[in-house]
Amino acid sequence: MMRGATGASLVLSLLISRLLGAACQSPPGKPKLTSCRSPEKETFSCWWEPGSNGGLPTNYSLYYRKENSEIVYECSDYHTSGRNSCFFSKNDTSIWVNYNITVVASNSLGSNFSDSVDVDVMYIVQPHTPENVSVVLEGTEDNPFLLVTWEPPHKADTRSGWITLVYQLRVKLEKDDKWEEHFAGQQKQFNIFSLHSGEVYMVKVRCKPDHGFWSEWSTVRYVRVPDYISREMSGWILILTFSALICIVFVWTAHMKRNSVKHFLLPPVPGPKIKGFDTQQLKSGKSDEIFSTLVAQSFPPPSDYEDLLVEYLEVYDNEEQELVFDRKDQEGSLKSKSSSDTDSGRGSCDSHSLLMEKCSESREDQTLTSQVKNSEASRRGNDGSHAGECADVTTQTWPTISPYYHHDQKPCYQSIPEMSEQHGVLDSHLFLTQQQDYWETSAELDQKNPYIGYSCVQAYSEMTINGVAHTEATGPQPGFVEYVEVQHVKQENTLILKPIAQEEHGHFRREMTEHHYSKVNGMVSDNVLLVQRETASQCLSDHQEEENGLENCTQQMAGKSTVHPQVVLAQEGLHITLNGYVDTAAIMSTY
Amino acid sequence: MFRKLKGPVLFLLMFLDVQIIVGSTPICVHGHTGCQALSLADLFDRVIQHSARVHGLSSDLHSDFDQYFLPSKINRNCHTSYILTPNGKENAQRLAGEDLAGVILKLLLAWRDPLSQFHRSMAQHEDFTSFSGNKALEMSDMVQQLRLGVERVAETMHLLGMISNSVRGLISKEALGSQASGSEARSMTDQQLLYCFRRDSHKIQIYLKILKCRIAPEQGC
């Protein structure tokens, strides 16, 4: 049973396979014309692609019709152009005639027609490759070039003008990947310049008719360029050497002059300079020499105080320090130094930069001060030019201290600090007590009467010549206050002070009525006034450095001077208080 | 008696002309003293360049048309079919220079009217850009220039004795022919016109090249 089944299935399968084998046979598949090409516009060939053959031997044939004719021709040459091709000979080829070509595949079971193709020979020209391509090295030793020559394919008739070919070159170095293309036109030679010495070049050529397809590339030709150093290279070497030499010279010069170069690029920051002061000497620390330099200024100072540049004198007491500062802020025009003030020539009260503007004086004061001045002048033997000092003083931007403004108002005074009582020396510290209201009112009045002889001392800098600050040496000496009046300004840095007598300050010393003058030598930043006692002895020169020692030139009046400078330190010539002003007593002690 | 003398006389004339036949000798056709002397080779070069330009324009326009219009069944019956033109190299080389020049002139003359008509119709077409319109105008103008150039060449050849018939003789024959095909030309579609003209301009170019390489083969042959 089983054997029977298997046997039957075997037979069945055999039959089926046979039948299937027979069913595989079919009419052929549709062939397809792939391309037609003419190499010289005189003949052409067409190729096709066969479809499936249907399992049977298939016969392919090509038929064509010419334009405007119904005659069907069959291809006469199936072999010349290879397999599945048709070659049209010269006799069969007509230019400017449209061919309608069809390929037929046929086998025993049937036939199949391909799609028709219209061909005009003039548009299907693809020539053969150029022939006899040769590359020759020409030119001189240092300027070679390649001469590439070729010939048109032998079948293309360019001589009669029937076909016109244009050519294209490709060149590259053997080691390169990319070809360099050159178009040669109709010429049959080409020159290649700018060669690399010692390299191998590869060249190939192809051509194309003026309307048609490019041919295949010709075989590649190799050529070797011999080694040489071009003139260009030697020129470059020369230039490099020259520039290297120049660079070396330049660097050497820069090295030699490195200091001046450094100065040029990074100019040194100028340090502060003080006239007549030698920083080096100060550093050396010899006090004798220092003082000798400081006392370089002559005394009495020249009397043409027109030249005096006003420096603001700010005197205040400790409680009102903030007020003063407020004042400062309000005015906004405080200066510690005004040596080159633009208000020179104007009335001191006129100056914007002065609080002194706010202080004004009545005319009565002027007369009074002039009287005082006159007496002083006579005493001191000054020339009569001082008589008109009031008006002159106004031209200065030096804040002068007005003795009193209104009767009911407390004038600005320079008060001698209390310390002087203790030591019985005329304390040349200036201590100006001011009250806020005074300043305010004086400010108003100042505006009204700009040209007043004296003004209140401006609370510019902390002319805290305050004996209170001398805590170390003397300790605070409350209670005693001496007042001096700034009479006028001499030169640019001299403030002539004069003690005044006050009824309310009856405890003033008698000496205060006498004329003791301290000359303000200069201002130190905002908080130090350099005061010079007007005596016959020398004064120390100005010193305007803030931090360093301030020198005061204090001098004993030849006469009876009750204002004595406080001796703070006997040993040192200078002493700076905490507030920054100098106790002149300290200086005096050294003399 | 004159017939007997004709041969030797012609022979003598040829002898005299042999120096000029080379073609590189400058000629002033109209006899002006101040005119620019152009050699025949130069003349040929110029007309060949013209014809190349004309053919290029016709090819461009034809491909433009193919983009815009579906390629319909083209009636390949061109209106210049009556003109017998050599269809192969051998046929063209067999033709005498005179005949070849004649064929060229006939073709150029036959296309004068249809091309101007085509340009006018192009201007009315909205589908085409002005670029195509400019090409059509240029093509029409260049064909005129080309025709004048070829006439000049023919005259020169005639003066040189290369051709016996003058240009007038050639043209007069074709004047009749063009009138006959006038109706046919008008019925052409634009696409057909361009197809036919592309072919004819190529023919003109090839014939001129053949003529040049035969007569003045200095360069490019």
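Take the overall build of chain B next. Of the regular secondary structure elements, chain B holds eight helices and zero strands. The helix and strand sequence of chain B, counted from the amino end, reads α-α-α-α-α-α-α-α. Counting over 221 residues, chain B shows a buried share of 47%. Summing over all exposed atoms, chain B offers an accessible surface of approximately 11800 Å²; the carbon and sulfur share of this is 55%.

What follows covers the overall build of chain A. Each helix and strand in chain A was counted, giving 11 helices and 20 strands. By the burial criterion, 50% of the 591 residues in chain A qualify as buried. Of the contacts made within chain A by residues no fewer than 6 positions apart, 66% connect residues no fewer than 24 positions apart. Only carbon and sulfur atoms are counted for the fraction: they give 55% of the accessible area of chain A, which is about 28900 Å².

All names here are of chain A. A full pass over the atoms with the stated rule returns 14 aromatic pairs over all chains. Geometrically, the ring pair formed by Phe-44 and Phe-88 is stacked, given 4.0 Å between the ring centres and 5° between the ring planes. Residue Phe-44 is found in strand E2 (residues 44-49), and its partner Phe-88 is found in strand E5 (residues 85-88); the two are separated by 44 residues along the sequence. For the pair formed by Phe-44 and Phe-88, the shared burial category is buried.

Turning our eyes to something else, we now look at the packing of helix H2 (residues 40-68) of chain B against helix H8 (residues 190-215) of chain B. All names here are of chain B. Between H2 and H8, whose axes approach to 9 Å, the crossing angle comes to 160°. In terms of orientation, H2 lies roughly antiparallel with respect to H8. Relative to H8, the crossing made by H2 is left-handed. Tallied by class, the residues present in the contact of H2 with H8 amount to 15 nonpolar, nine polar and six charged.

Before going further, it helps to examine the sheet that holds E2 of chain A. All names here are of chain A. Across the sheet, three strands lie side by side as E1-E2-E5; this open sheet has antiparallel pairing. Looking at which strands have only one partner, the edges of the open sheet turn out to be strand E1 (32-37) and E5. In this sheet, neighbouring strand axes are inclined to one another by 15° on average, regardless of whether the strands run parallel or antiparallel. In terms of strand pairing, E2 meets E5 through four bridges, oriented antiparallel. Bridge pairing in E5 places Cys-46 opposite Cys-86.

Turning our eyes to something else, we now look at H8 of chain B. Between its first and last C-alpha, H8 of chain B extends 37 Å over 26 residues, near the 38 Å set by a 1.5 Å rise per residue. Across the 26 residues that make up H8 of chain B, a large majority, 25, are buried.

We now examine the pairing of strand E3 (residues 59-66) of chain A. Residue and element names in this part refer to chain A. Here E3 runs beside strand E6 (residues 98-106); their pairing, made up of eight bridges, is antiparallel. Residue pairing in the sheet places Tyr-64 in a bridge with Ile-101 of E6. Pairing of E3 with strand E4 (residues 72-74) involves three bridges; the strand directions are antiparallel. Paired with Tyr-63 across the bridge in E4 is Glu-74. Between E3 and E4, which follow one another and run antiparallel, lie five residues, and Asn-68 among them has a positive phi close to 60°.

Now for the state of the cysteines. When the sulfur atoms of two cysteines share a covalent bond, that bond is a disulfide. Residue and element names in this part refer to chain B. Using the criterion set out here, one finds four disulfides over all chains in the structure. With a sulfur-sulfur separation of 1.8 Å, Cys-78 is cross-linked through a disulfide to Cys-196. Across the S-S bond of Cys-78 and Cys-196 the torsion is about -90°, and the bridge reads as left-handed. Here Cys-78 is found in the loop between H2 and helix H3 (89-94), whereas its partner Cys-196 is found in helix H8, with 118 residues between them in sequence. Cys-196 carries the same exposure label as Cys-78, and that label is buried. Here Cys-213 is linked by a disulfide to Cys-221, with a sulfur-sulfur distance of 1.7 Å. An S-S torsion of about -85° defines the bridge between Cys-213 and Cys-221 as left-handed.

Every contact between the two is made by 23 residues of chain B and, on the other side, 24 residues of chain A. Taking both partners together, chain B and chain A bury about 2000 Å²; carbon and sulfur atoms supply 49% of that area. Our count for the chain B to chain A interface comes out at six salt bridges. One salt bridge in this structure joins Asp-210 of chain A and Lys-209 of chain B, with 2.7 Å as the shortest N-O distance. Taken together, the links from chain B to chain A amount to 10 residue pairs in polar contact (both at pLDDT 80 or more). Sorting elements by how many residues they give to the side of chain B that touches chain A places H8 of chain B first, with 11 residues. Broken down by class, the residue content of the side of chain B that touches chain A amounts to eight nonpolar, eight polar and seven charged.

Let's shift gears to the nonpolar core. Counting residues in hydrophobic clusters, the biggest one holds 74 residues, and the most contacted among them are Phe-44, Leu-62 and Ile-101 of chain A. Once residues within four sequence positions are removed from consideration, Phe-44 of chain A is found in contact with Cys-36, Arg-37, Ser-38, Cys-86, Phe-87, Phe-88, Thr-93, Tyr-99, Ile-101, Val-119, Val-121 and Ile-124 of chain A.

This part takes up the confidence of the model for chain B. Residue and element names in this part refer to chain B. Residues at a pLDDT of 70 or more form 69% of chain B, whose mean pLDDT is 78. Highest mean pLDDT in chain B belongs to H8 (91); lowest belongs to helix H1 (residues 2-21) (55). The low-confidence segment residues 17-25 (pLDDT under 50) makes 12 contacts with residues lying over four places distant or belonging to another chain.

On to the sheet that holds strand E13 (residues 189-192) of chain A, then. Residues and elements named next belong to chain A. The strand order across the open sheet formed by three strands is E9-E10-E13, and the pairing between neighbours is antiparallel. On the outer flanks of this sheet lie strand E9 (131-139) and E13, each paired with one strand and no other. For this sheet the average axis-to-axis angle between neighbouring strands, irrespective of direction, equals 20°.

On to the pattern of salt bridges, then. Scanning the model with the defined rule gives 16 salt bridges over all chains in all. Of the charged contacts in the structure, one is a salt bridge between Asp-157 of chain A and Lys-89 of chain B, with a shortest N-O distance of 2.6 Å. A residue pair is termed interchain when its members come from two chains, as with Asp-157 of chain A in the loop between strand E10 (144-151) and strand E11 (165-173) and Lys-89 of chain B in helix H3. Exposure class is identical for Asp-157 of chain A and Lys-89 of chain B. Each is buried. Residues participating in the shared-partner salt-bridge network are Glu-42, Lys-90 and Asp-157 of chain A together with Lys-89 and Glu-90 of chain B.

Turning our attention to the packing of helix H4 (residues 97-124) of chain B against H8 of chain B. Residue and element names in this part refer to chain B. It is at 10 Å that the axes of H4 and H8 come closest, and there the two elements cross at 150°. If you check the angle between H4 and H8, you find them roughly antiparallel. Here the hand of the crossing between H4 and H8 comes out left-handed. Classifying every residue of the contact of H4 with H8 gives 19 nonpolar, two polar and four charged.

Residue and element names in this part refer to chain A. Structurally, the position occupied by Asp-142 is in the loop between E9 and E10. The partly exposed category is assigned to Asp-142, whose relative accessible area is 32%. Separated by 55 residues in the primary sequence, Asp-142 and Ser-197 have C-alpha atoms spaced 9.3 Å apart.

Moving on: unusual backbone geometry. All names here are of chain A. Phi is positive for Lys-41, close to 65°, though the residue is something other than glycine. Along the chain, Lys-41 falls in the loop between E1 and E2. According to the relative accessible area criterion, Lys-41 is buried, its value standing at 5%.

Here we come to the environment of Phe-190 of chain A. All names here are of chain A. Relative to the helices and strands, Phe-190 is located in strand E13. A relative accessible area of 15% places Phe-190 in the buried class. Expressed as a C-alpha distance, the spacing of Phe-190 and Leu-147, which sit 43 residues apart in the sequence, is 5.9 Å. With residues near it in sequence (within four places) discarded, Phe-190 still touches Leu-146, Leu-147, Val-148, Trp-150, Leu-169, His-182, Phe-183 and Ala-184.

Cut-off values and rules
- Residues numbered from 1 in each chain as written.
- Chains lettered and ligands numbered in written order.
- Predicted model: local features only at pLDDT ≥ 70, side-chain atom pairs only at ≥ 80, totals over all residues.
- Heavy atoms only, no water.
- Helix = DSSP H or I, 4+ residues; strand = E, 2+ residues; numbered from the N terminus.
- Buried < 20%, exposed > 50% of the residue type's maximum accessible area, 1.4 Å probe, protein only.
- Areas by Shrake-Rupley, 256 points an atom, 1.4 Å probe, with all protein chains shown as cover.
- Contact = heavy atoms within 4.5 Å.
- Phe/Tyr/Trp six-rings, centres within 6.5 Å; stacked < 30°, edge-to-face > 60°.
- Axes fitted to C-alpha atoms, helices over the stretch in contact; angles between N-to-C directions.
- Parallel < 35°, antiparallel > 145°, perpendicular 65-115°, else oblique.
- Left-handed = near helix turned anticlockwise from the far one by under 90°.
- Nonpolar A, V, L, I, M, F, W, Y, C, P; charged D, E, K, R; others polar.
- Pairing = 2+ DSSP bridges.
- Expected span 1.5 Å × (residues − 1).
- Disulfide = S-S within 2.5 Å.
- Buried area = accessible area lost by both parts, 1.4 Å probe.
- Salt bridge = Lys/Arg side-chain N within 4 Å of Asp/Glu carboxyl O.
- Polar contact = N/O pair within 3.5 Å; in protein donor to acceptor, adjacent residues only side chain to side chain.
- Core = buried A, V, L, I, M, F, W, Y, C linked by side-chain atoms within 4.5 Å.
- pLDDT = per-residue confidence, 0-100.

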